[in-house]
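Listed below are the residues making up each chain.
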Amino acid sequence: MTPVRLRTFLAVVDSGSARAAAQRLSVTESAVSASLAALRREVGVVLFERDGRGLRLTESGEVLAGYARRILGLVDEGVAATRRGVAAERGRLRIGAVTTAGESLIPGLLASFRRRYPEVELTLDVGVRDQIFALLSDHRLDVVIGGRPGPGMVTRATRANSLVVVAAPGPESDLATATWLLREAGSGTREATFALHQTLQIQPPLLTLGSVGAVVSSAVLGLGVTLVSADAVEQLLNSGALHQLPAQGIPLRRPWHAVTSAAPTATTELFLAHLTDPRHAGRLAFRVARAHPGLRPHG
């Protein structure tokens, strides 16, 4: 079960057909088919079934796909870990962020980190909480900026964050009857909104808009109220484009977490040290988590 076969298998999973996978991998369709046939002989079960002109995973294929992503993530992580301490300033760093952090925190942090370490190879994935933490769990990311992590993940640093209820200026909104603007499924803020509704014992009208940008823009236009990170609307609150609404239990304290696997790479450690140094990260700086004194606090 070679890495090449697993990458080919996942290319078919992600693209839906051998032809599309071949185009993605820049190989022939026959090479993809041969790789899939060899993998099927190895595992001894059917991995795909026909679905129109494409292919659909069988139940066994779904199981293998999950393992294949973790295996290949570990291979990449192992290569990076092997180089630990040799060239951290020229290594690779795969960052993930939940959408709000990706829009309000990460750009400034990456800009200051890039100025210090221009030779680090950076990639950034931004998405909802469930998606981003799944990538970290599969070892396809090195560090995630998001909410509280799940099992097997380690919080290395934190930064204060709170969720507030906001609306456009105007007559005071009745939280029980106002339309609540929601993030997409899998968002931690969406889950927190539903929990708040239970606390307030309300069942208001709902409007799902997707990204935090769409939700905030719609709130500014007066389409409804929303629960959002104070970091995401700081400038709009200061300018008066939005105002905060009082509600029981608000603001909700939801600190940002800088999360890694149990064995971060040297380049990841370099980023974490930058993240927790206010001399370089400025007002975006995190604080070292108490449980991990290996990172040296600054200031």
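Residues numbered from 1 in each chain as written. Predicted model: local features only at pLDDT ≥ 70, side-chain atom pairs only at ≥ 80, totals over all residues. Heavy atoms only, no water.

Caption draft 1: Expanded view of unusual backbone geometry. Residue isoleucine 250 is joined to proline 251 through a cis peptide bond whose omega torsion reads 5°. Relative to the helices and strands, proline 251 resides in the loop between strand S11 (243–244) and strand S12 (252–253). Of note in this structure, histidine 139 is not a glycine but carries a positive phi near 65°. Inspection of the secondary structure assignment puts histidine 139 in the loop between helix H7 (129–137) and strand S5 (143–146). At glutamine 201, a position not held by glycine, the phi torsion is positive, near 55°. By the secondary structure assignment, glutamine 201 is in the loop between helix H8 (188–200) and strand S9 (206–210). (Helix = DSSP H or I, 4+ residues; strand = E, 2+ residues; numbered from the N terminus.)

Caption draft 2: The layout of surface pockets, seen in detail. Of the volumes computed, that of the largest pocket is approximately 410 Å³. If you go around the largest pocket, you meet 23 residues; those closest to its centre are Arg129, Gly147, Gly188, Thr189 and Arg254. Secondary structure elements with two or more residues in the lining of the largest pocket: helix H5 (99–104), H8 and strand S13 (256–260). Per element, the largest residue contribution to the lining of the largest pocket is four residues, and it comes from H8. When grouped by side-chain class, the residues that make up the lining of the largest pocket number six nonpolar, eleven polar and six charged. (1 Å grid on protein atoms, 1.4 Å probe; cavity = no way out; pocket = protein on both sides within 12 Å on 5 of 7 lines; lining within 4 Å. Points joined across faces, edges and corners; volume = space filled by probe spheres on them. Nonpolar A, V, L, I, M, F, W, Y, C, P; charged D, E, K, R; others polar.)

Caption draft 3: Fine view of the nonpolar core. Grouped together as the largest cluster of nonpolar side chains are 27 residues, with contacts concentrated most on Ile145, Phe271, Leu275 and Phe286. Looking at this core, the elements with two or more residues in it are strand S3 (92–98), helix H6 (106–116), S5, S13 and helix H11 (266–275). A per-element tally of this core places H11 first, with five residues. Discounting residues that sit within four places of it in the chain, leucine 275 has contacts with Leu109, Ile145, Ala258, Ala281, Ala285 and Phe286. (Core = buried A, V, L, I, M, F, W, Y, C linked by side-chain atoms within 4.5 Å. Buried < 20%, exposed > 50% of the residue type's maximum accessible area, 1.4 Å probe, protein only. Contact = heavy atoms within 4.5 Å.)

Caption draft 4: Summary view of empty space enclosed by the protein. Counting across every chain of the model gives two cavities of 30 Å³ or more. There is about 40 Å³ of room inside the largest cavity. Around the largest cavity sit Thr100, Arg183, Thr189, Val212, Val215, Thr226, Leu227, Val228 and Ser229, which together line it. Listed by contribution, the elements that provide at least two residues to the lining of the largest cavity are helix H9 (212–220) and strand S10 (226–229). When residues in the lining of the largest cavity are grouped by element, the largest group, four residues, is from S10. Grouping the amino acids of the lining of the largest cavity by side-chain chemistry returns four nonpolar, four polar and one charged.

Caption draft 5: Highlighting the environment of arginine 24. Positionally, arginine 24 belongs in helix H2 (residues 18–25). Note on arginine 24: relative accessible area 48%, which makes it partly exposed. With sequence-adjacent residues up to four places away left out, arginine 24 is seen in contact with Ala11, Asp14 and Ser15.

Caption draft 6: Seen up close, the side chain of threonine 276. Note that threonine 276 resides in the loop between H11 and helix H12 (278–281). Relative accessible area serves as the criterion here: at 3%, threonine 276 is assigned to the buried category. Looking at threonine 276, its side chain comes within polar contact range of the main-chain oxygen of leucine 272, at 3.0 Å. (Polar contact = N/O pair within 3.5 Å; in protein donor to acceptor, adjacent residues only side chain to side chain.)

Caption draft 7: The pairing of S5, seen in detail. Of the two faces of S5, the one carrying Val143 and Ile145 and the one carrying Val144 and Gly146 are both buried. When S3 meets S5, the two strands line up parallel, connected through three bridges. Opposite alanine 97, over in S5, you have isoleucine 145 as the bridge partner. Bridge count for S5 against S13 is three bridges, and the pairing is antiparallel. Counterpart to valine 144 in the pairing with S13 is valine 259. (Pairing = 2+ DSSP bridges.)

Caption draft 8: Up close: the packing of aromatic side chains. Within this structure, the stated rule accounts for three aromatic pairs. Look at phenylalanine 113 and tyrosine 117: their rings are 5.1 Å apart centre to centre, the planes differ by 50°, and that puts the pair in the tilted class. When sorted by exposure, phenylalanine 113 lands in the same class as tyrosine 117, which is buried. With a centroid separation of 5.3 Å and an interplanar angle of 85°, the aromatic rings of phenylalanine 113 and phenylalanine 271 are classed as edge-to-face. Residue phenylalanine 113 is found in helix H6, and its partner phenylalanine 271 is found in helix H11; the two are separated by 158 residues along the sequence. By relative accessible area, which is 0% here, phenylalanine 113 ends up buried. For phenylalanine 271, a relative accessible area of 0% gives the class buried. Aromatic rings pair up to connect Phe113, Tyr117 and Phe271 into one cluster. (Phe/Tyr/Trp six-rings, centres within 6.5 Å; stacked < 30°, edge-to-face > 60°.)

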